[in-house]
Amino acid sequence: MTLAAFDEYFMAMALREAQKAAADGEVPTGCVIVELPADALGPDGVPLPDLAPAQARILGRAHNQTEQLCDATAHAEMLALSAAFQAKGNWRLTHTRLYVTKEPCPMCAGAIILARVGTVVWGVSDPKRGGGTVFHIFDHPGINHHPEVRSGVLEDASKAVLQDFFRARRAAKNAADAATNANETYDPDRKDCESHP
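This report concerns the structure included in the present document. Counting of residues starts from 1 at the beginning of each chain's written sequence and follows it residue by residue. Residues qualify for local features only when their pLDDT is at least 70, as the model is predicted, and side-chain atom pairs are given and counted only at 80 or more; totals for whole chains, interfaces and linings, by contrast, use all residues. Hydrogens and waters are ignored; side-chain quantities use all the structure's heavy atoms.

**Brief notes about the pattern of salt bridges**
Here comes step 1: Salt bridges, as used here, are contacts in which a Lys or Arg side-chain nitrogen is within 4 Å of a carboxyl oxygen on Asp or Glu. Considering all chains together, one arrives at 7 salt bridges under this definition.
Here comes step 2: Salt-bridge contacts for Arg97 lead to Asp7; the nearest nitrogen and oxygen are separated by 3.0 Å. Within this pair, whereas Arg97 is found in strand β3 (residues 96-102), its partner Asp7 is found in helix α1 (residues 3-23), the two being separated by 90 residues in sequence. Neither residue differs from the other here; Arg97 and Asp7 are each classed as buried.
Here comes step 3: Here Lys88 ties to Glu35 by a salt bridge, and the two come within 2.4 Å at their closest N and O atoms. Note that Lys88 is positioned in helix α3 (residues 76-88) and Glu35 in strand β1 (residues 30-35), a separation of 53 residues in sequence.
Here comes step 4: Note on exposure labels: buried denotes an accessible area under 20% of the residue type's maximum, exposed denotes more than 50%, and partly exposed covers the range between, all computed with a 1.4 Å probe on protein chains only. Here Lys88 falls in the partly exposed class, since its relative accessible area comes to 26%. Put simply, DSSP H or I for four residues or longer makes a helix, DSSP E for two residues or longer makes a strand, and each gets a number counted from the N terminus.

**Description of the nonpolar core**
Here comes step 1: By size, the foremost hydrophobic cluster in this structure holds 21 residues, and its most contacted members are Leu81, Leu98 and Val117.
Here comes step 2: Broken down by secondary-structure element, the contributors of at least two residues to this core are β1, β2 (57-63), α3, β3, α4 (106-114) and β4 (119-124).
Here comes step 3: Think of a nonpolar core as a cluster: buried Ala, Val, Leu, Ile, Met, Phe, Trp, Tyr and Cys residues, connected wherever their side-chain atoms sit within 4.5 Å. The next biggest cluster of nonpolar side chains, apart from the first, holds 15 residues, and it includes Phe6, Leu36, Tyr99 and Val121.

This is how it looks when you write it as structure tokens:
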């Protein structure tokens, strides 16, 4: 299996996490962190070309839970990192690949760097708040760890799950607004009712 196919395999797993988030009413982002065995890496630390998913150990997987946990930091990446630390028994996640459906925000990018994640793979870039593409955290000269970055893996599917979620959310809001407007009664004392007869 090629490295590209290997990455797509685990990004598909991250997409399943994103779909769980959407079902829970959370912004649909999913994350999976895998560790590669030493014998699957070349002398320069780069994965060998015949890498198979069965060779990787899943250390953590999660989806956004900010609403459910009432926690602004409960992004998919943060929760998956916490699970990976526990699974590994170490906060250093060298020789790992982190798969996330949407580009990490600055908070998550910082945590990924602190955890020494080897490679970050994301589906769709975030042109407004991307920790890599907007804030350039992963390649900032002032940090002591620079993970390899690979973007655009299963990009269309990652974008679709976000677009479907926000489209459905807007439709529900519009329907709720329409129902509220339909239930309004005429009140001659209200200042905004001048158009009423």
